[in-house]
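# Architecture at a glance
Here are the chains, one letter per residue:
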Amino acid sequence: MLRVIFNQKGGVGKSTITCNLAAISAARGHKTLVVDLDAQANSSYYLLGKALTNETLGITQFFEQLLTFTFQEKKINAFIQPTHYENLSVLPSNANLSDIESKLEARHKIYKLRDALKTLAEEYEHIFIDTPPALNFYTQSALIAADRCLIPFDCDDFSRRALYALNDNVREIQQDHNDRLRIEGIIVNQFQPRAKLPTQLVEELIGEGQPVLNTRLISSVKVRESHQVAKPLIYFAQDHKMTEVFNQLYDELEKRG
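Everything numeric here is computed off the predicted structure, so don't read it as measured data.

### A closer look at the pairing of strand β2 (residues 32-36)
The element β2 is largely enclosed, with a buried count of five among its five residues. Burial along β2 is two-sided: the face carrying T32, V34 and D36 and the face carrying L33 and V35 are both buried. As judged from the four bridges shared by β2 and strand β4 (residues 88-91), these two strands associate in the parallel manner. Along β4, the bridge assignment pairs L33 with S89. Pairing of β2 with strand β5 (residues 126-130), which is carried by five bridges, proceeds in the parallel orientation. Directly across from D36, in β5, lies its bridge partner D130.

Structure representation (structure tokens):
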């Protein structure tokens with residue numbers, strides 16, 4: 001299963017959700033890959049920590065070779081990095097990814113990621129793609145490659161408006177490039193169960209028929225601490241409440257198939 005985590009709005013928890021779901025997948029014995037397509041490289045640092053350097057091979061180098069005229073193009077496997085955790089690997093990003101975006105667009109390389117990830121289907125049971133907060137070349141490449149799309153949603157009106165535009169964008173990709181693509185669910189993040197507005201917004205989305213998942217992610221200091229030490233929750237605080245919530249989210253997705 002190849003899932004992309006996407007929202008055009010920033011700060012909604014894409015990297016946190018990507019890495020924690022991937023870490024749970026790996027901890028349960030599934031060979032798992034995270035593809036980081038965001039030049040901020042938050043997922044890359046979360047999984048590699050101080051082992052991540054400017055020299056670390058990753059998705060930038062994979063795309064850079066597509067811009068050179070060579071008959072010795074390396075397969076995507078050559079750019080994948082192991083993490084400290086069993087069954088979990090990452091295709092890391094770096095800031096240079098932004099510099100080559102326009103060149104990749106100009107040379108119509110939009111299907112290259114899809115084709116490359118297809119070769120990994122037998123090697124990895126689960127692939128999670130973290131995307132930048134924009135519908136750019138990299139996000140479109142991810143949506144063209146993916147089977148499912150997960151949408152993080154923080155409970156405010158700006159996020160709600162962005163959600164409607166995102167639905168249209170995914171539908172267009174589905175119609176024009178990838179008829180397998182489905183919105184698997186909306187992940188409610190930063191939920192405040194005792195506050196009126198978040199509850200009202202979620203209920204209204206459900207009433208509209210939006211695929212809101214049952215599991216709600218709440219704000220937690222422990223999540224921020226896990227960012228600081230570069231350890232997903234399943235490895236950092238296995239018995240913490242938020243680890244349990246992420247396990248519940250993973251189980252809900254598995255039941256959906």
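From this point, the discussion proceeds with the structure in view.
### Structural notes on the pattern of salt bridges
Scanning the model with the defined rule gives 10 salt bridges in all. The partner of E184 in a salt bridge is R3, and the shortest N-O contact between them spans 2.7 Å. Taken together, the positions of E184 in strand β7 (residues 182-189) and R3 in strand β1 (residues 2-5) put the pair 181 residues apart, joining distant regions of the chain. Since its relative accessible area comes to 3%, R3 is described here as buried. Note that R180 is salt-bridged to D147, the shortest N-O span being 3.2 Å. Remark: D147 occurs in the loop between α6 (137-145) and β6 (148-154) and R180 occurs in the loop between α7 (157-176) and β7; sequence separation between them is 33 residues. Residue R180 is classed as partly exposed on the basis of its relative accessible area, which comes to 36%. A single network of salt bridges, built from pairs that share partners, joins R160, E204 and E208.

### Describing the packing of aromatic side chains
Per the stated rule, a full pass over the model turns up six aromatic pairs. Aromatic ring contacts, followed pair by pair, group F62, F63, F79, F137 and Y138 into a single cluster. Seen from the ring of Y124, K31 lies directly overhead, with NZ or CZ sitting 5.3 Å from the centre. In this structure, R216 packs its charged tip against the face of F191, placed 5.8 Å from the ring centre.

### With respect to unusual backbone geometry
Positive phi, normally seen in glycine, also occurs at A41, with a value near 60°. In this structure, H108 takes a positive phi of about 55° despite not being glycine. Assignment of secondary structure puts H108 in the loop between α4 (101-106) and α5 (112-118). Overall, the relative accessible area of 68% leaves H108 in the exposed class.

Reading the values: rules and limits
- Residues numbered from 1 in each chain as written.
- Predicted model: local features only at pLDDT ≥ 70, side-chain atom pairs only at ≥ 80, totals over all residues.
- Heavy atoms only, no water.
- Buried < 20%, exposed > 50% of the residue type's maximum accessible area, 1.4 Å probe, protein only.
- Helix = DSSP H or I, 4+ residues; strand = E, 2+ residues; numbered from the N terminus.
- Pairing = 2+ DSSP bridges.
- Salt bridge = Lys/Arg side-chain N within 4 Å of Asp/Glu carboxyl O.
- Phe/Tyr/Trp six-rings, centres within 6.5 Å; stacked < 30°, edge-to-face > 60°.
- Lys NZ or Arg CZ within 6 Å of the ring centre and 35° of its normal.

In short, geometric facts, not functional conclusions.
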